[in-house]
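Observations on the model geometry
One letter stands for each residue in the lines below.
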Amino acid sequence: MSNHGNSIKLITGNSHTKLAEDVAERLGVQLVPTTVKKFSNGETNVKIGSSVRDEDVFIIQSSSPNVNDHFMELLILIHACKIASASRITAVIPCFPYQRQDKKDKSRLPITAKLVANMLTVAGADHIITMDLHASQIQGFFDIPVDNLYTEPIFLRYIKHQIEGWQHAIVVSPDPGGAKRAAQVADKLQLEIAMINRKRDNAGLIQPEKMEILVGDVRGKVAILVDDMIDSGHTLTLATHELVENGAKAVYALVFHALLADANLHELGQLPLERLVVTNTVDQANHKLPNGKLVVLDVAATVAESIRRLHNGESISLLFGEHDFMI
């Protein structure tokens, strides 16, 4: 559906206003004046300050810490635009909430990502733009279109321009579940892949303080750890020590979504890690590591270009083809 006849209206909640401002600047539009605050009993109160009737509305809201508050803000903003007669409402969710709860692998567990999809649809969203879903099948939880953008091209550019000797590096997955993700990066760079796993004793119990390399030889090589999410930093800590103990020359960690909600940043700063490279799908303003170890890559250009293309009825998949505009 092309929207040449109406304009882009950009709205944001409180989760990541800096990213929304950067996207607005790249698109050459002003953010719609919006008030999102709380009543004293904790209820969310929203007021949209200008008309969105028959407009193409994009609401940018990520799942930073206080994820439930920010998700509720998003639902109410969508609903407010719906009953204000917006022609189309696209929820732009750089880091999708509850995306790790995408399957039922034990009895009586919820598939909360499916519930989130239902709530977004019922609120009135017509389209979803998100980034690097933990599991791509989450797109199938929706009956409305979903565009899952990739930050991989931004990371590939960083590797090629900032990691010395990357041509002889090895790409490492910190767990078997992330092997496909690491393999895609390795394939694009034509590098070997290694895989780490939690070490188990003979009784099959996980020994949380130890990992082992299952596949690949990292000795004398630059190791590039690739993961989709970092929260406590425990996996990163174990994996980094394991790689160094096995003779890796240097370790870089590339993480798509850096929640860092439960992480000890001081301890992460002491790791034998050259750089922790993350994106700003979640606000990184309060996250600091010593010696410039934390590198934040900006996704605003990717988000802005996907919004522009969707508004004009152009292909978004071309963003990530051979002629990627980000590399």
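Here the structure is a predicted model, which is why all the values come from computation and not from measurement.

Here the focus is the nonpolar core. With 45 residues, the main nonpolar core has Leu10, Val23, Ile159, Ile163, Ile224 and Ile307 as its most contacted residues. For this core, the domains that each give at least three residues are domain 1 (8-149) and domain 2 (152-200 + 207-297). When neighbours within four sequence positions are excluded, Leu10 is seen to be in contact with Ala20, Val23, Ala24, Leu27, Val29, Gln30, Leu31, Val32, Phe58, Ile60 and Ile307. Membership of the second largest hydrophobic core comes to 31 residues, among which are Ile11, Val32, Val36 and Val46.

Pairing between sheet strands relies on hydrogen bonds along the backbone, with the strands arranged either parallel or antiparallel. Judged by pairing direction, the sheet is parallel, and its five strands sit side by side in the order 1-4-5-6-7 without closing on themselves. Either end of the sheet is taken by a strand with one partner, and the two such strands are strand 1 (8-12) and strand 7 (146-149). Each strand axis lies, on average, 20° off the axis of its neighbour in the sheet, ignoring direction. Pairing geometry for strand 1 and strand 4 (residues 56-60), over five bridges, is parallel. Its bridge partner being in strand 4, Leu10 is matched across the sheet by Phe58. Packing of helix 1 (residues 17-27) onto the sheet brings it into contact with strand 1 and strand 4, and relative to strand 1 it is tilted by some 165°. Contacting strand 1, strand 4 and strand 5 (88-93), helix 2 (residues 67-83) runs over the sheet at an angle of about 165° to strand 5.

The geometry of an aromatic ring pair comes down to the distance between the two centres and the angle between the two planes. One pass over the structure, following the stated rule, counts two aromatic pairs. Taken together, a centroid distance of 6.0 Å and an interplanar angle of 75° make the contact between Phe96 and Phe142 edge-to-face. Residue Phe96 is found in the loop between strand 5 and helix 3 (112-123), and its partner Phe142 is found in the loop between strand 6 (127-131) and strand 7; the two are separated by 46 residues along the sequence. Taking the relative accessible area as the measure of exposure, Phe96 reaches 2% and is therefore buried. We classify Phe142 as buried; its relative accessible area is 7%. Ring plane angle 40° and centroid distance 5.2 Å describe the contact between Phe155 and Phe256, whose orientation is recorded as tilted.

On to the domain arrangement of the protein, then. The assigned domain composition of the protein is domain 1 (8-149) and domain 2 (152-200 + 207-297). Here the C-alpha centroids of domain 1 and domain 2 sit 29 Å apart. Overall, the association of domain 1 and domain 2 removes approximately 1,100 Å² of surface from exposure, summing both partners, and the carbon and sulfur fraction of that is 55%. On the domain 1 side of the interface with domain 2, the three residues burying the most area are His16, Arg100 and Asp132, jointly 41% of the side's total. Linking domain 1 to domain 2 there are one salt bridge. For Arg100, the salt bridge goes to Asp231, with nearest N and O atoms at 3.2 Å. A class-by-class count of the residues in the side of domain 1 that touches domain 2 yields five nonpolar, seven polar and two charged.

The next point concerns the pattern of salt bridges. Using the criterion set out here, one finds 13 salt bridges in the structure. In this structure, the salt-bridge partner of Asp69 is Lys38, at a minimum N-O distance of 2.6 Å. Taken together, the positions of Asp69 in helix 2 and Lys38 in strand 2 (residues 34-38) put the pair 31 residues apart, joining distant regions of the chain. With a shortest N-O distance of 3.0 Å, Glu305 and Arg308 are connected by a salt bridge. Taken together, the positions of Glu305 and Arg308, both in helix 8 (residues 300-311) and three residues apart, correspond to about one turn of that helix. Its relative accessible area of 17% is what places Glu305 among the buried residues. Members of the salt-bridge network, linked through shared partners, are Glu305, Arg308, Arg309 and Glu314.

Viewed as axis vectors pointing N to C, helix 4 (residues 152-162) and helix 5 (residues 179-189) meet at an angle of 50°, and their least axial separation amounts to 11 Å. What the angle tells us is that helix 4 and helix 5 run oblique. The interaxial crossing formed by helix 4 with helix 5 has right-handed handedness. Along the contact surface, helix 4 presents Glu152, Leu156, Ile159 and Lys160, while helix 5 presents Gln184, Val185, Lys188 and Leu189. In terms of residue class, the contact of helix 4 with helix 5 is made up of four nonpolar, one polar and three charged.

What counts, and where the lines are drawn
- Residues numbered from 1 in each chain as written.
- Predicted model: local features only at pLDDT ≥ 70, side-chain atom pairs only at ≥ 80, totals over all residues.
- Heavy atoms only, no water.
- Core = buried A, V, L, I, M, F, W, Y, C linked by side-chain atoms within 4.5 Å.
- Buried < 20%, exposed > 50% of the residue type's maximum accessible area, 1.4 Å probe, protein only.
- Domains from an automatic or database assignment.
- Contact = heavy atoms within 4.5 Å.
- Pairing = 2+ DSSP bridges.
- Helix = DSSP H or I, 4+ residues; strand = E, 2+ residues; numbered from the N terminus.
- Axes fitted to C-alpha atoms, helices over the stretch in contact; angles between N-to-C directions.
- Phe/Tyr/Trp six-rings, centres within 6.5 Å; stacked < 30°, edge-to-face > 60°.
- Buried area = accessible area lost by both parts, 1.4 Å probe.
- Salt bridge = Lys/Arg side-chain N within 4 Å of Asp/Glu carboxyl O.
- Nonpolar A, V, L, I, M, F, W, Y, C, P; charged D, E, K, R; others polar.
- Parallel < 35°, antiparallel > 145°, perpendicular 65-115°, else oblique.
- Left-handed = near helix turned anticlockwise from the far one by under 90°.

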